[in-house]
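Here is how the chains run, residue by residue.
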Amino acid sequence: MLNEILTISGKPSLYKLLTRGRGALIVENIDETKKRFPIQGTDKVVSLGDISIFTDEKEMPLREVFQAIENKLGKKEIEFDWRKASNPELIKFFAGIVPDFDRDRVYPSHIKKIAGWYDLLVKYGENDFSEPKAEEAPAEETK
């Protein structure tokens with residue numbers, strides 16, 4: 001599911017990929033407006049499925065971070081006021097979710113963005129953080 005959710009540089013929200021048009025992606029805003037519009041090839045677009053955070057040993061996919069938040073809080077928005085929190089409060093909050101995150105490469109601004117994305121996805125029902133299913137190969141016929 002996260003492979004269909006996009007972040008677009010310079011735009012504040014998250015967007016759901018609907019289809020691909022001629023030289024453009026057709027997306028829908030994930031909020032109450034559900035506004036649809038094309039994204040041109042010049043815009044920087046990143047799928048949430050392609051984003052990872054640094055830990056002390058490896059990179060952790062954003063999907064796993066969202067699952068960790070969901071396991072701790074349930075399927076509800078974050079109660080912690082991350083918008084007004086100080087940097088040490090944000091780091092303490094995130095350490096409760098991902099204890100081994102790399103404190104040198106994951107900044108408080110990243111934590112705020114992750115918290116905002118999580119809240120937005122949960123609020124508008126886009127909270128399927130399960131592993132994407134691989135396409136199954138057709139069964140071979142035996143002779």
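For the structure itself, look to the data block above.
Draft legend 1. How the structure looks around the packing of helix α1 (residues 62-73) against helix α2 (residues 87-97). At a minimum axis separation of 9 Å, α1 and α2 run at an interaxial angle of 90 degrees. Compared by their axis directions, α1 and α2 come out roughly perpendicular. Between α1 and α2, the contacting residues are Val65, Ala68, Ile69 and Lys72 on the first element and Phe94, Gly96 and Ile97 on the second.

Draft legend 2. Focus on the packing of α1 against helix α3 (residues 108-123). Orientation of α1 relative to α3, taken along the N-to-C sense of each, is 70 degrees, at an axis distance of 11 Å. Relative to α3, the element α1 lies roughly perpendicular. In the packing of α1 onto α3, the handedness of the crossing is right-handed. Contact residues: α1 offers Leu62, Val65, Phe66, Ile69 and Glu70, while α3 offers Ile114, Trp117, Tyr118 and Leu121. Classifying every residue of the contact of α1 with α3 by side-chain character gives 8 nonpolar, no polar and 1 charged.

Rules behind the numbers
- Every chain is numbered independently, its residues counted from 1 as its sequence is written.
- In keeping with the model being predicted, local features are shown solely for residues with a pLDDT of at least 70 and side-chain atom pairs are shown and tallied solely at 80 or more, while totals for entire chains, interfaces and linings include all residues.
- The basis for every side-chain value is the complete set of heavy atoms in the structure, and neither hydrogens nor water enter the calculation.
- Note on geometry: axes are lines fitted to C-alpha atoms, helical ones only across the stretch in contact, with angles between N-to-C directions running from 0 to 180 degrees.
- Runs of E in the DSSP output that reach at least two residues are strands. Runs of H or I that reach at least four are helices, and both are numbered from the N terminus.
- An angle below 35 degrees is read as roughly parallel, one above 145 as roughly antiparallel, one from 65 to 115 as roughly perpendicular, and any other as oblique.
- The contact criterion used is simple: two residues touch if any of their non-hydrogen atoms lie within 4.5 Å.
- Note: crossing handedness is left-handed where the near helix turns anticlockwise from the far helix by less than a right angle, and right-handed where it turns clockwise.
- Note that Gly is not counted as nonpolar here; it falls among the polar residues with everything else outside the nonpolar set of Ala, Val, Leu, Ile, Met, Phe, Trp, Tyr, Cys and Pro and the charged set of Asp, Glu, Lys and Arg.

All quantities given are derived from atomic positions and should not be read as evidence of function.
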